[in-house]
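Structure at a glance
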Amino acid sequence: MPEGVENETYFQWLSQAAPHVQLHHLMAGYRISAAIHVAAELKLADLLAARPQTSAALAQQTQTHPQALYRLLRTLASVGLFTEGEPGSFALTALGMLLKTDHPLSMRALTRNACSWTQWQCFGALRRAVETGGSVEREVLGMSGREYRNQHPEERETFNEAMISLVRQVVDAVVRAYDFSPFQTLVDVGGGYGAMLSAILHSTPGLRGVLFDLPEVTEGAIRHLAAAGVLDRCEVVGGDMFAEIPRGGDAYVFSRVIHDWDDERATVALRNCHRVIDPSGTLLLIEEVIPPGDAPGTGKLSDLNMLVGPGGQERTEAEYRALYTAAGFALTQVIPTQSRISLIVGVPRAAPAA
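I will try to describe carefully the structure that is included in this document. (Residues numbered from 1 in each chain as written. Predicted model: local features only at pLDDT ≥ 70, side-chain atom pairs only at ≥ 80, totals over all residues. Heavy atoms only, no water.)

1. Quick word on the packing of helix H13 (residues 153-177) against helix H14 (residues 195-203)
At a minimum axis separation of 9 Å, H13 and H14 run at an interaxial angle of 25 degrees. Viewed along their axes, H13 and H14 adopt a mutual orientation that is roughly parallel. In this structure, the crossing between H13 and H14 has a hand that is right-handed. Counting all contacts with H13, which are made through Ile-164, Val-167, Val-170, Val-171, Val-174 and Val-175, the residues of H14 involved are Ala-195, Met-196, Ala-199, Ile-200 and Ser-203. Of the residues in the contact of H13 with H14, the class split is 10 nonpolar, one polar and no charged. (Axes fitted to C-alpha atoms, helices over the stretch in contact; angles between N-to-C directions. Helix = DSSP H or I, 4+ residues; strand = E, 2+ residues; numbered from the N terminus. Parallel < 35°, antiparallel > 145°, perpendicular 65-115°, else oblique. Left-handed = near helix turned anticlockwise from the far one by under 90°. Contact = heavy atoms within 4.5 Å. Nonpolar A, V, L, I, M, F, W, Y, C, P; charged D, E, K, R; others polar.)

Right, here's the structure in full:
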C-alpha cells in the first residue's frame, strides 16, 4: 500500500485510486479469492485465534514454506483479513475472524466451497456460458454439480456446511423481519440440514415443521435438527420437489432454492407446491432480489455463479412476480431484511395454465 495511506482500509484506498488501478484490482480479484481459499484450507484464523504468531511459527504448524506463507499473509493483511504488527508477526482482524471454524457466523466452509476446484473450473468457462446461455457444469465436470458432489462425499459435506453458513448469515434477519406465528405447520422445501427451519421453530413456539429434501440430505438433517433441539417438532421427508411436495402445510418456504433453477424448472417446483398448498396458505421464497439498473449488489455476482453452475438465476422483483404468476400464485409483498436477503410473499390464486 502506498506511503501515507497505511491506516486506510483496502476498500477506502481502492475507492480513491485512479481508474486504471481500480480496474487492475478488479481484474486480479481471483488472486485475492485464491489467497483467502488457502487461508481457509490451512485454518490460519483458527491458529491465530488465541494470539498473534509469526509467519515462521505458522509455517511450522501448517507444514508450509515459511517465506511463501509470509507472502500470503502479507497480501491478506493488505486487504484486511490479518494485520502485521511486529515485522513478520500477524494477528486476526474482525474480517479474518469470520474464517474461524467455530465463529458463530463462520464463512470458512463457504470460502472452501466458493473457491473449490469445481468453482474455478466452471468460472474458467464463463465465456462459454455467456455464448450459449446455459450451465457449463456438464461440459466441465462431465456431470452436474449435484452428481459430482454425490460421487465426492467430502465435496458434498463442504457444500452442505457452506449452505448452513449462508443461512446463519441471514436467519436472524429473516425471523426478525417476518412473523411466522399465524401458521401451524411450515414445510421447508429443499431445507438442507435444517438451519433455517430450526431458527424459525425456535422463534415461534407452537409451530411445527416439515423438512423436505433429497433422501441423501435427510440423514444429515435429522442429526442437525436433533442437535438444535427441534427434532420433536419436525417431520423429515425425503423426496424430489420436481415430482411431488408433501401436503399438510399452511405455509411453504423455499430458502435459497429457487435461484438454483431456470424459469422452466422453478415453475415446475412452484406448481407442485400450488397443488398441495391450502387455498388460504402462504408461499415464502427467501432469496436475494437483484436491484434495478447499475446499483451494486452481491446478487449480480451470485447470478453469474448460477449461470455457470446449476444453470439457475438470481431475479428482480418483476421476474419473481412473473414466476409466481406462471405457477398460480400472486406475489403480494417483498419484505427486505437487514441482510442481503428478502422474503418474497405469495398466495395461491386460480390454478396455473397447463
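2. Considering the nonpolar core
One recurring pattern in soluble globular proteins is that nonpolar side chains are buried together. Of all hydrophobic cores here, the largest spans 28 residues; its most connected members are Met-241, Ile-245, Phe-254 and Leu-285. Looking at this core, the elements with two or more residues in it are strand E4 (185-189), strand E5 (208-213), strand E7 (251-255), helix H16 (263-276), strand E8 (282-287), helix H18 (317-327) and strand E9 (329-336). (Core = buried A, V, L, I, M, F, W, Y, C linked by side-chain atoms within 4.5 Å. Buried < 20%, exposed > 50% of the residue type's maximum accessible area, 1.4 Å probe, protein only.)

3. What to know about empty space enclosed by the protein
Considering all chains together, one arrives at one cavity of 30 Å³ or more under this definition. Surrounding the largest cavity, Leu-166, Val-167, Val-170, Arg-256, Arg-340 and Ile-341 form its lining. Considered class by class, the residues forming the lining of the largest cavity number four nonpolar, no polar and two charged. (1 Å grid on protein atoms, 1.4 Å probe; cavity = no way out; pocket = protein on both sides within 12 Å on 5 of 7 lines; lining within 4 Å. Points joined across faces, edges and corners; volume = space filled by probe spheres on them.)

4. Section: the pairing of strand E3 (residues 89-92)
Along any regular strand the residues' side chains alternate between the sheet's two faces. Burial along E3 is two-sided: the residues Ser-89 and Ala-91 and Phe-90 and Leu-92 are all buried. As defined by bridge partners, strand E1 (residues 53-54) adjoins E3 across two bridges and the pair is classed as antiparallel. In the sheet register, Gln-53 faces E3, and the bridge partner there is Phe-90. Bridge count between strand E2 (residues 82-84) and E3: three bridges; the pairing is antiparallel. Its bridge partner being in E3, Glu-84 is matched across the sheet by Phe-90. Between E2 and E3, which pair antiparallel in sequence order, lie four residues; one of them, Gly-88, sits at a positive phi of approximately 85 degrees. (Pairing = 2+ DSSP bridges.)

5. Considerations on the state of the cysteines
Evaluated as defined, the whole model comprises zero disulfides. The thiol of Cys-115 is not disulfide-bonded; the next cysteine sulfur, from Cys-122, is found 13 Å away. For Cys-234, which is in no disulfide, the shortest distance to another cysteine sulfur is to Cys-273 and amounts to 18 Å. (Disulfide = S-S within 2.5 Å.)

6. A look at the pairing of E4
E4 sits mainly inside the fold: five of its five residues count as buried. Taking every second residue as pointing to the same face, both faces of E4 are buried, with Thr-185, Val-187 and Val-189 on one and Leu-186 and Asp-188 on the other. Bridge count between E4 and E5: five bridges; the pairing is parallel. From the neighbouring strand, Val-187 faces E5, where its bridge partner is Val-210. Between the parallel pair E4 and E5, the chain is carried across by H14, and the sense of this crossover is right-handed. In terms of strand pairing, E4 meets E7 through four bridges, oriented parallel. Pairing of Asp-188 across the sheet is with Val-253, part of E7. (Right-handed = clockwise from strand over helix to strand, strands pointing away.)

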